[in-house]
Structure formats: structure tokens, C-alpha cells
Amino acid sequence: MGQLGEKRDQVARPVVAAIRRPASVMWTGTARPRPALAGLAQKNERSYFYLVTTAANPLTEESDPFCLSAASAAQLLDGAPWRRFATIGDSLSAGIGDPSPGYATLGWPDRVADVLRRVQPDLAYVKIAEIGATTARTLETQMDQMIAFGPDLLHLPNGANDLFRPEPDFDAIERSLRSMFKIAAGTGAQLTTFALGNAFVLPKFQDWWDRVRRLNAIIRELALEHDAVLVDMWEHPINSRPNLLSADRIHFSVSGHAVLASEVVKGLAGALGTTR
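The paragraphs below set out a description of the structure included in this document. Every chain's residues receive numbers from 1 upward, in the order its sequence appears when written. Local features are withheld for residues below a pLDDT of 70 in this predicted model, meaning they are given only at 70 or higher, and side-chain atom pairs are given and counted only at 80 or more; totals for whole chains, interfaces and linings count all residues. Side-chain measures here rest on the full set of heavy atoms in the structure, leaving out hydrogens and waters.

1. Re the pattern of salt bridges
Piece 1. For this analysis, a salt bridge means a side-chain nitrogen from Lys or Arg found within 4 Å of a carboxyl oxygen belonging to Asp or Glu. Following the criterion strictly, the structure yields 13 salt bridges and no others.
Piece 2. A salt bridge links R241 to D64; the nearest nitrogen and oxygen atoms lie 2.8 Å apart. Linking R241 in the loop between β5 (229-232) and α9 (254-272) with D64 in the loop between α1 (40-44) and α2 (70-76), this pair joins segments that are 177 residues apart in sequence.
Piece 3. Owing to a relative accessible area of 6%, R241 belongs among the buried residues under this scheme.
Piece 4. Each residue gets one of three labels from its accessible area relative to the maximum for its type: buried under 20%, exposed over 50%, partly exposed in between, using a 1.4 Å probe on protein chains only. Its relative accessible area of 3% is what places D64 among the buried residues. A run of H or I in DSSP counts as a helix once it spans at least four residues, and a run of E counts as a strand once it spans at least two, with each numbered from the N terminus.

The following block contains the structure:
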């Protein structure tokens, strides 16, 4: 996914020139098991991905098929009880990303907070997330502040920065994530988290896709155990958009954050039973 890590010296995969638009652009957020990919070209040949940016027909936030309007998002969350929203973790939890033409320059957490304020005008909102934070650092430096804030809606990181080590210790990553989810669940808050997408590759790690798949498997299991809203981006169609990534070729641009926010809203609406 475009938001992984903080490194700036890697190259994203090639842009695809054209892919057919499917009959429907609805995305359920449910990932399917997939085999290891033989190469980048194989990924780019999946014709059901909807690439939306061309010189003749650029997308805007209003025309993006994966973006909810503010009114539609507020309708989905009508009656939502949450009044204290917090995010902890890394740059993804902080909503870091470059501007995109045609999209408001807001990260996904700010967008979700804006929707929630339409439902609960007295919403308290804080981003405790720290750029570059690993799972262990989040546990060490952010949990006390999160508990003191007392969230009733809390977004948790997925351990993305832990993947940038030469040899990730997945047992340690899982232990840290389990501790984090346990502490977070103890607040009584509704939890949310992301499973990472496949918007870019790091050539220096030949096992990159295996790393992401292993981390996603941990996150999916923890989300299930703790009734967290899981926004699973592993096979989301926006992963193949040529303008998705920021200049660092890692983090989503705000066009991607607009989609992330809409997916979070839809996930929260599912938790409320108000999907339409």
C-alpha cells in the first residue's frame, strides 16, 4: 500500500497504460487468497482493476467512484454514537500524503472526523500517531496518551514500518500487535485498522509480497478477535491507479486518502448496521 514505511529511496511498480473499466466499481473490502505473483507485469494485466486517471478524463473527488460525498457519508453514519475519535501508530494513522488535483488536501483521519462531526458536532478528535513509528514504539510512547484521551472510536496501526527491517521478526510483531489490540480493546472503544494493499513494491526485499501477506494475516486475525472494523486494501482497485502514490512512491496521495476515508465510513456503517 502507498503508505508503507518512511523510506524514500525505492521505486514503485510501473504504470499501466490502459485497463478496461468493469461493469461495476463497487468494492466490498473483502480480500481473496492469491498466489505469489510472478512479476509486476502479471499484476498489471488484471483487467478488472479500474484505472481512472488519463489526460482526457482526470478524476476528481466528486467523480471518483470509490469516494462518498460528505452528505452520503454522514447519512451512512446517522445515529453513530462516537464522540471521541483517536488514531495511534505511524504515518498511515496520521494521514500523511501529497496533494492531488481535484481532491481536498486532507488525510483520511481528518476526513472521517469531518464526517463524524456532521453526526456528533461535539466530537473530540486527536491524532497521536507518529511518523516512522514501529509497533514497539507505538506501544512504548503512545498508549498512555491514548488511554488518557479515553476514545470511543480508535484506529490502530498494522505494523507496516516493522517490514522495513532486513529480517522482520514476525513473532515479535504479532506479540506487539496483540498487546496493542488488547490494551485498545480494554478502553471499550470501537476499533478500526487497515490490511495493507499492494500499490508498490520494494525491490531491495525480494520477499516483499510474502512480508505483506504475513502481516495482513496477523491483522485480519486480530481484527476478527476484537470485532475491529477491518478495511482490507490488499486487492482494492485503487492500488493500480497511476497517480495514487505521493512523491516518495510509498505513501498514498490525498486521492488515496479520500478513498480510504470512504472505506472506513462504510466499515463503520457496517458495524452500526446502517449500510445502504
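Resuming the write-up.
2. Remarks on the layout of surface pockets
Piece 1. Whether a set of points on the 1 Å grid over the protein atoms alone is a cavity depends on a 1.4 Å probe fitting there but being unable to get out, while an open set qualifies as a pocket with protein on both sides within 12 Å along at least five of seven lines; lining residues are those with an atom within 4 Å of a point. Grid points are joined across faces, edges and corners, and a volume is the space filled by probe spheres set on the points. Estimated volume of the second largest pocket: approximately 340 Å³.
Piece 2. E61, L68, S69, A70 and R111 are the residues nearest the centre of the second largest pocket, which is lined by 17 residues in total.
Piece 3. At the level of secondary structure, the elements contributing two or more residues to the lining of the second largest pocket comprise α2, α4 (108-119) and α9.
Piece 4. Here the lining of the second largest pocket is composed, by residue class, of 9 nonpolar, 2 polar and 6 charged. Three classes are used: nonpolar for Ala, Val, Leu, Ile, Met, Phe, Trp, Tyr, Cys and Pro, charged for Asp, Glu, Lys and Arg, and polar for all others, with Gly counted as polar.

3. Some remarks on unusual backbone geometry
Piece 1. Positive phi, normally seen in glycine, also occurs at D227, with a value near 55°.
Piece 2. Looking at the element boundaries, D227 is found in the loop between α8 (208-225) and β5.
Piece 3. Even without a glycine there, the phi angle at R249 is positive, about 65°.
Piece 4. Following the sequence through the fold, R249 ends up in the loop between β5 and α9.

4. Points about empty space enclosed by the protein
Piece 1. In total, this model carries 2 cavities of 30 Å³ or more according to the counting rule given.
Piece 2. Lining the second largest cavity are G89, D90, A133, T134, T135, T138, P157, G159, A160 and D162.
Piece 3. Here the lining of the second largest cavity is composed, by residue class, of 3 nonpolar, 5 polar and 2 charged.

Remember, this is a structural readout, not a statement about activity or role.
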